[in-house]
Amino acid sequence: MLTRLIVTRIACSLVVFMRLAGAQVAPPLTIVNCCDANNLTVFPLRGASFTIPLPFVPSVIAFSSTGEGLYAMKRHGTDASSLSLVKVHFHPVRVSTLLESIAIDVDSFTVSKRDDKALVAGRRASAGKWSCGIFEVAFPSGAVRTILERLNCLNGALWERVKLSPDGDRALVETGRDIQIIDLAKGAATSLNREFSKGPWSEYVSWSPDGKWIAVLESGRRGKIILLDGETGLSRQ
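Heads up: these notes are all about the structure in this document. Nothing here was measured: the structure is a model prediction, and the numbers come from that model.

**Side note on the sheet that holds strand β9 (residues 105-111)**
Okay, step 1: Strand order across the open sheet formed by 4 strands is β9-β10-β11-β12, with antiparallel pairing between neighbours. A strand with exactly one partner marks an edge of an open sheet, and here the two such strands are β9 and β12 (144-150). Strand-to-strand twist in this sheet, taken as the mean axis angle between neighbours without regard to direction, amounts to 25°.
Okay, step 2: Relative to strand β10 (residues 117-126), β9 is paired through 6 bridges, and the arrangement is antiparallel. Bridge assignment links threonine 110 to a residue of β10, and that residue is leucine 119.

In structure tokens:
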């Protein structure tokens with residue numbers, strides 16, 4: 001059965017931000033079936049669905065910041081750390097390769113608005129040992145810069161579900177029940193959990209289009225959206 005990925009994280013945060021700004025235009029949101037067949041079926045909130053045939057079965061995917069397309073990791077053979085990255089455009093439908101090879105076992109990733117780099121949470125091998133971390137990968141060279149790294153992947157919660165800020169200088173990253181803002185230039189992580197009530201948080205966290213705010217949707221039991229300052233991480237009261 002196809003896995004249905006509903007972009008609630010984009011929907012919730014963008015709708016909140018657009019209401020705050022007084023915008024009346026609906027954002028370009030989509031629902032996509034993917035990841036166990038050689039195609040993507042796209043269900044726009046407005047208009048008819050359409051299917052994009054692919055020459056491969058997509059592995060990890062990430063939506064573009066505008067919702068007008070997505071990025072997909074293409075696995076080569078059985079090697080989990082042998083991947084390439086493609087962009088799937090919705091209008092008009094086409095597929096383009098952004099990176100021919102990336103030697104990282106990718107858990108999640110996000111791509112900059114300029115399509116010039118990806119931020120990856122995952123694992124990579126060096127001298128026969130695996131390390132876990134956040135890595136910045138430049139396009140089209142594939143040059144990898146380590147932002148944060150842990151040599152023992154079993155020591156503590158792993159970084160996952162990364163999201164670049166609109167300016168590409170910071171990132172939101174989840175680790176366990178914590179959400180962190182990472183300064184990519186300094187490689188410094190600031191925890192946001194001091195502002196949150198107790199209990200698990202959902203994965204629905206996103207930047208505002210201007211990067212000034214962060215929207216966090218609490219777990220399903222609460223369903224509350226909290227706005228945080230994009231610089232300080234303090235809640236908006």
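Having put the structure on the table, let's press on.
**Focus on unusual backbone geometry**
Okay, step 1: Residues phenylalanine 139 and proline 140 are joined by a peptide bond in cis, for which omega reads -5°.
Okay, step 2: Within the fold, proline 140 resides in the loop between β11 (129-138) and β12.
Okay, step 3: Positive phi outside glycine occurs at aspartate 115, with the angle close to 55°.
Okay, step 4: Mapping aspartate 115 onto the fold places it in the loop between β9 and β10.

**Comments concerning the packing of aromatic side chains**
Okay, step 1: Overall, the coordinates contain 1 aromatic pair when judged by the stated rule.
Okay, step 2: A centroid spacing of 6.0 Å and a plane angle of 75° characterise the contact between phenylalanine 50 and phenylalanine 90, whose relative ring orientation is edge-to-face. Residue phenylalanine 50 is located in strand β4 (residues 50-53), and its partner phenylalanine 90 is located in the loop between β7 (83-89) and β8 (94-102); the two are separated by 40 residues in the primary sequence.
Okay, step 3: Residue placement shows arginine 150 over the ring face of tryptophan 159; its charged tip is 4.7 Å from the ring centre.

Definitions and cut-offs
Residues numbered from 1 in each chain as written. Predicted model: local features only at pLDDT ≥ 70, side-chain atom pairs only at ≥ 80, totals over all residues. Heavy atoms only, no water. Pairing = 2+ DSSP bridges. Helix = DSSP H or I, 4+ residues; strand = E, 2+ residues; numbered from the N terminus. Axes fitted to C-alpha atoms, helices over the stretch in contact; angles between N-to-C directions. Phe/Tyr/Trp six-rings, centres within 6.5 Å; stacked < 30°, edge-to-face > 60°. Lys NZ or Arg CZ within 6 Å of the ring centre and 35° of its normal.

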